[in-house]
Structure formats: C-alpha cells, structure tokens
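Chains, contacts and geometry: an overview
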Amino acid sequence: MKFLFIPLFLLSVLSAVAQVKSVRIAPWRHNAQGAYSIIHDDYCVPMTHGIRNYADTMAFNRNIPFAFGVVSKHCTYQDWAYAKKMIKRGHEPINHTHQHRSADSLTWWPDCYVLQPQDYEEEYLQCHQLMKKNLGEEPTFFIYPYDIHTDTSNAYIQSIGYQGARAGHYNRVNPYDFASPMELDFFMVNGELTIEQMDSVADLTASSGGFAIQSMHGVNDGSWNTLWLKDYRKYLDSLQAKQERGELWVATPSEVLAYHKTRKAVSLTKVEANGETTISFLLDAQQLGENEPVSMTLLLEVENAEAVEIRQKRKKLSTVVVAPNLVMVEVEPTRELVVSAER
Ligand SMILES: [Zn+2]
C-alpha cells in the first residue's frame, strides 16, 4: 500500500495549489487604478507645430501614447507623413473636423459660422475620409472644435462609425462604468489649469478608479494656451511615475474605450476538475456591437500565486504575481484558459 499512498498524496497537494478561488476582470489594463488619456488638439494647424516637434518624442520616451486631433484642411504632405510616424509610436489620430467650424453658436464669437446638418459631410466626413486615405486607417474618436456639439451633430458622428467623442462636461473625471462614450467629460488646458492642478486630476483619476481625458493644444509653440517645455516635461514625468506605480493606465481614448467595452461584454465562468480550473469567456454580442474584443487583464485569486501555470490553446501565458495569493494575466477573451499547478 505504501507505493500507492505517496502519489495520491502528491496529487492532492497539486490540486490544492491549482485551485482558483475567484477570477475577475481588472478594472483597467495591468490592473491600474484609473485610466487616463492625453489629447493634443489642432494637429496640422500651423501654430501647433509643437505636437510633432516636442510632444511626440517627449511622450514616447516616457511610454505615454496620446491622441492628436487632425484638422484636415491644414494638413500638408509633411504633416500626413509625420502623422504616420506618430502612429507607429503608438499615438492615435482622431477627427477634429476638416476646417474647425463650430457645431453651434458661440457666445464669445457672435458672427461665427454655425454648421448646419447639410455641412456635416463636408466638415466631419471629409476629415474622416482624408485621414483614412492619407493615414491608412479610419479614426474612431472625435473631438469638437470649441468643445461645442449638438445632439444632431453627435448622432451624425455616431452614424459614420465613431465609438467615442469628447462631448461631455468640463472638469470631470468619467466614472469607472461611464454609460455614454459619445459624451465623455474632460479637462482642458485653458490658461487657468495649472500643472499642479493637472497633477491633482491625475491623482483623482487613480483614487476614483475612473477615466480622465486631459486635453491641450501645442507644446512650446504659438497655439492656444500652449504648454511650455518645462511644464510639459514636469507633467509627463509625473504621469510616467504614476503609470509605473500602477496608479494610472495612460492610453489613447480608443484603447481605453475598447477595454471598457470588452470588459462590459465579457462574463467569466470557471469549472474545477482533476486539479485544473478551466475559465471560459462568454461574450455579449449586443454589447460588443461590431467591435472585436480586445485583450483583458484578469486577476485570479489562488492558493499560491508563485506555483500557478496558465495556458491558453496549450500555450503557457506569462503571469505577474501581484500578491502571494493573487496572479495577473493578459488574455484574449476568445479561447478558454486552463489553470493548473506549475509543471
Ligand atoms: Zn481645435
């Protein structure tokens, strides 16, 4: 009997180690506390050349991707070529209209031309098409000139395929489970918001677990309320530190929206058998719409995080031990996961 006793004993230890007590999707990628996007408005407008001259490299060097709002009428061949370089560095081009006209009347500019629905094709769709033609990809996020929109303009933007728009309130962090990506709240560098206040917004984003959009124009150039180099550097350094400490996930708006959408569309089930746990994903097609699910960060509560192996399609995934009993893994939520004791 002795030779039988030992293998059985070992098997029971392995089962205990592999057991998954709970599994959940992290609120934001890499289990960051909050999500955060930078938007630089007015790319291609001549006075805003600091986006390509400074912001691009400074942000890239700190592992911070941003979005840049294209005003297509002003884009030269060089602007389009440079935009492609910025895309390769992880920055996201977004639609900021063809010639920067307002969707509604402006109190401070009584004579300004106000777009009518018959202008939308020329102003909104034309920018979309020029971006597609010159950059090789379709934008999915929209920002309004002067931060002014109407329900009609927003319905049009959505009808031509946009997933999100900066069209909510000023000076608010979007909650973790924001309901309407077409009306996202945001902050704008407007001459009153100091670098210290921007830092507080980033802290608030982490502590509230929400999603902040911090908008600005150029850097060290002649654009509206440009940020000077020393301020921009200080701001980015602080963001980089917050990202490295796991407080913020700094990503482009469309990356954040895609994660948010997939998180809402996925539900998880787990089944224990033979010392292994199988985790399956159920995708809500209605919630996902025409979008493809993106990879998700999962958190698994286990007996011993150091001794867990997670496989998908028989391939071992790399994991991060967050705590002695908590393991984190990035997964495509399309094929089931098998969790077992390390072999
Ligand atoms: Zn603008």
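Here is what the cut-offs are and how they apply
Residues numbered from 1 in each chain as written. Predicted model: local features only at pLDDT ≥ 70, side-chain atom pairs only at ≥ 80, totals over all residues. Domains from an automatic or database assignment. Pairing = 2+ DSSP bridges. Helix = DSSP H or I, 4+ residues; strand = E, 2+ residues; numbered from the N terminus. Axes fitted to C-alpha atoms, helices over the stretch in contact; angles between N-to-C directions. Buried ≥ 20, exposed ≤ 12 C-beta atoms within 10 Å, placed from the backbone. Core = buried A, V, L, I, M, F, W, Y, C linked by C-beta atoms within 7 Å. Expected span 1.5 Å × (residues − 1). Bend = angle between axes of the 7 residues up to and from the residue. Contact = placed C-beta atoms within 7 Å. Right-handed = clockwise from strand over helix to strand, strands pointing away.

Looking now at the domain arrangement of the protein chain. You can read the domains of the protein chain as domain 1 (19-28 + 259-341) and domain 2 (35-253). A C-alpha centroid distance of 33 Å is found between domain 1 and domain 2.

Turning our eyes to something else, we now look at the sheet that holds strand S1 (residues 20-25). If you walk across this open sheet you meet the four strands as S1-S12-S16-S15, and the pairing is antiparallel. Edge positions in the sheet fall to S1 and strand S15 (319-323), since each of these pairs with one other strand and no more. With strand direction ignored, the average angle separating the axes of adjacent strands in the sheet is 25 degrees. As paired strands, strand S12 (residues 296-302) and strand S16 (residues 326-331) are joined by six bridges and run antiparallel to one another. Bridge pairing in S16 links Met-296 to Val-331.

This part is about unusual backbone geometry. In this structure, Tyr-146 takes a positive phi of about 60 degrees despite not being glycine. Considering the arrangement of structural elements, one finds Tyr-146 in the loop between strand S5 (141-143) and helix H5 (151-159). Residue Tyr-146 is classed as partly exposed on the basis of its C-beta count, with 14 C-beta atoms lying within 10 Å. A positive phi angle is found at Arg-314, which is not glycine, with a value near 65 degrees. Mapped onto the elements, Arg-314 comes out in the loop between strand S13 (308-312) and strand S14 (315-316).

By size, the foremost hydrophobic cluster in this structure holds 63 residues, and its most contacted members are Ala-35, Phe-66, Phe-68, Val-70, Leu-248 and Trp-249. It is strand S2 (residues 34-43) that contributes the most residues to this core, five residues altogether.

To continue, consider the sheet that holds strand S17 (residues 337-341). Neighbouring strands of a sheet are bound in pairs by backbone hydrogen bonds; such pairs are parallel or else antiparallel. Read from one edge to the other, the open sheet built from five strands follows the order S10-S11-S17-S13-S14, with strand pairing classed as antiparallel. Looking at strand neighbours, the two that pair on one side only are strand S10 (266-273) and S14, the edges of this open sheet. As defined by bridge partners, S13 adjoins S14 across two bridges and the pair is classed as antiparallel. Residue pairing in the sheet places Arg-311 in a bridge with Lys-316 of S14.

Quick look at helix H4 (residues 120-135) now. Look at H4: 21 Å from first C-alpha to last across 16 residues, which is about the 22 Å you get at 1.5 Å a residue. The sharpest bend along H4 reaches about 35 degrees and sits at Gln-126. Looking only at H4, the buried set comprises Tyr-120, Glu-123, Tyr-124, Cys-127, His-128 and Met-131. For H4, the elements touching its buried residues are strand S3 (67-70), strand S4 (92-95) and H5.

Where S10 and strand S11 (residues 276-283) come together, eight bridges link them in antiparallel fashion. Paired with Val-271 across the bridge in S11 is Thr-278.

In this section: helix H3 (residues 77-88). Its 12 residues give H3 an end-to-end C-alpha distance of 17 Å, which sits within 8% of 16 Å, the value for a rise of 1.5 Å per residue. Of the surrounding elements, those touching the buried residues of H3 are S2, helix H2 (50-61), S3, S4 and H4. Count one or two residues on from H3 and you reach Gly-90, which has phi positive near 100 degrees.

Before going further, it helps to spend a moment on the environment of Ala-35. Tracing the chain through its elements places Ala-35 in strand S2. Considering only alpha carbons, one finds Ala-35 and Ile-213, 178 residues apart in sequence, at a separation of 8.8 Å. Other than its neighbours up to four places away in sequence, Ala-35 contacts Trp-28, Phe-211, Trp-249, Ala-251 and Val-256.

Below, the discussion takes up the environment of Gln-116. Residue position: Gln-116 is located in the loop between S4 and H4. Counting along the chain gives 36 residues from Gln-116 to Thr-152, while the straight-line C-alpha distance between them is 9.5 Å.

Locating Asn-304 in the fold gives a position in the loop between S12 and S13. The spacing of Asn-304 and Pro-324 is 20 residues in sequence and 6.0 Å in space, taken between C-alpha atoms.

In this section: the pairing of S3. Of the two faces of S3, the one carrying Ala-67 and Gly-69 and the one carrying Phe-68 and Val-70 are both buried. Here three bridges tie S2 to S3, and the two strands are oriented parallel to one another. Each residue of the ladder has a partner; that of His-40, found in S3, is Phe-68. Tracing the backbone out of S2, into H2 and back to the parallel element S3 gives a crossover that is right-handed. Summarising the sheet, S3 and S4 pair through four bridges and their orientation is parallel. Residue Gly-69 lies in a different strand from S4, and its bridge partner there is Ile-94.

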